[in-house]
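Close look at the chain arrangement
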Amino acid sequence: MSDLISWVLLLLGGFIALTAAIGVLRFPDFYSRLHPAGTGDTLAQFLIMIGLLPLIGSWVDGVKLVMITLLLFVTTPTSTHAISQAAHLEGLLPWKREEKSSG
Amino acid sequence: MRALFLFLALCAFWVLLSGEIQSAYLMGVGVFCCAITTWFSVRLEIVGDEGQPTRGIRPFIAYLPWLFWQVVLANVDVIKRVWRPERSIEPRFFTLPVQVRHPVAKALYANSITLTPGTVAIQCDDSSFLVHALTDEAEQALRSGDMEQRIQQMEEVSV
């Protein structure tokens, strides 16, 4: 039973990580690519880490997994902010839809 | 007092990560490392209200499940837009007025915005954030001020 839960969570996490990669390729510019990359950093890593929990034996390793998850939840916004601010300070402009002008 | 608390927290963290309480060597080295770290922190003057905002810890824990649910919802939205055949995104910059003042609350707000896919806090000034949003819905969700209200409640408790 715990194996099944684990597999579902891991597959779901893997699917979201794949989605993040495809999103990074599909979206038009630097700023919009930050958003799908964010899904890989948050939900995908969370699902994979939680999916690994039932598979490991000792509680010490479990605590480490949870710690890594929490650490990533704190550090990824910080690094995302750092690179996006660097791009903004460099004067990179965001992509705009060309066909129809929308506010 | 705060230094002592930091020392004890570091020791607890060490035991949690090493998982060995039998080995006298590991425990001895652990206490030594925690003492050194605490001493450095005191010398660097990072032991204080900003580094350890202990008073707001209970509302913060209450905030986490809500934030997590928002992150899940935003994730689902971005994932849908990635798989949709036509481009369904309207990326834009906008300036978000910010009412929270406490530096820890502002950092938490900016981090929450960035953690939620669909919005990224780019530039943080005194009274506003420059935010990049992927869609109009994401922009409106932030403008509604729901997230900020929750952080403001936390700020009121802790200041």
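Residues numbered from 1 in each chain as written. Chains lettered and ligands numbered in written order. Predicted model: local features only at pLDDT ≥ 70, side-chain atom pairs only at ≥ 80, totals over all residues. Heavy atoms only, no water.

Let's talk about the overall build of chain B
Cut-off, in case you're wondering: Here a strand is any run of E in DSSP of at least two residues, a helix any run of H or I of at least four, and the numbering for each starts at the N terminus. Within these notes, the globule rule equals 2.2 Å times the number of residues to the 0.38 power, and the radius of gyration is based on C-alpha atoms. Accessible area is worked out with a 1.4 Å probe on protein chains only. A residue is then buried under 20% of its type maximum, exposed over 50%, and partly exposed in between. By the convention used here, residues are in contact when the closest approach between their heavy atoms is within 4.5 Å. Within this scheme the basic residues Lys and Arg register as positive and the acidic residues Asp and Glu register as negative, but His and the chain ends are omitted. By convention, the point assigned to a charge is CZ for Arg, NZ for Lys, CD for Glu and CG for Asp.
Helix and strand counts for chain B come out as six helices and three strands. Shown N-terminal to C-terminal, the secondary structure of chain B runs as helices and strands in the order α-α-α-β-α-β-β-α-α. Against the 2.2 N^0.38 benchmark of 15 Å for 159 residues, chain B shows a C-alpha radius of gyration of 20 Å, more extended than a compact globule. Each of the three principal axes of chain B carries a C-alpha extent, and together these read 60 × 35 × 25 Å. The buried share of chain B, taken over its 159 residues, is 40%. Within chain B, contacts between residues separated by at least 24 positions form 69% of all contacts whose residues are at least 6 apart in sequence. Within chain B, one finds 13 positive and 16 negative side-chain charges whose respective centroids are separated by 2 Å.

Quick word on the side chain of Asp29(A)
Residues and elements named next belong to chain A. Definition in use: Here a salt bridge means any side-chain nitrogen of Lys or Arg lying within 4 Å of a carboxyl oxygen belonging to Asp or Glu. We call two N or O atoms a polar contact when they sit within 3.5 Å, provided that within protein one can donate a hydrogen and the other can accept it, with sequence-adjacent residues counted only if both atoms are side-chain atoms.
The residue Asp29 is located in the loop between helix H1 (2-26) and helix H2 (30-52) in this model. Buried within the structure, Asp29 lacks any salt-bridge partner; its nearest side chain of opposite charge belongs to Arg33, at an N-O separation of 6.7 Å. Side-chain polar atoms of Asp29 contact the side chain of Ser32, separated by 2.5 Å. Ignoring anything within four residues of it in the chain, the contact list for Asp29 reads Leu93, Pro94 and Trp95.

As for the interface of chain B and chain A
What counts here: Throughout, buried area stands for the accessible area (probe radius 1.4 Å) lost by two parts on being put together, summed over both. Side-chain classes follow a simple rule in which Ala, Val, Leu, Ile, Met, Phe, Trp, Tyr, Cys and Pro form the nonpolar group, Asp, Glu, Lys and Arg form the charged group, and the remainder, Gly included, forms the polar group.
In this complex, chain B contributes 39 residues to the contact, which on the side of chain A involves 40 residues. Taken together, both faces of the contact between chain B and chain A bury some 3400 Å²; the carbon and sulfur share is 69%. Among the elements of the structure, helix H1 (2-18), helix H3 (57-83), strand E1 (92-97), helix H4 (103-115), strand E2 (119-124) and strand E3 (128-133) of chain B are those that each provide at least two residues to the side of chain B that touches chain A. For the side of chain B that touches chain A, the element with the highest residue contribution is H3(B), accounting for nine residues. Here the side of chain B that touches chain A is composed, by residue class, of 23 nonpolar, ten polar and six charged.

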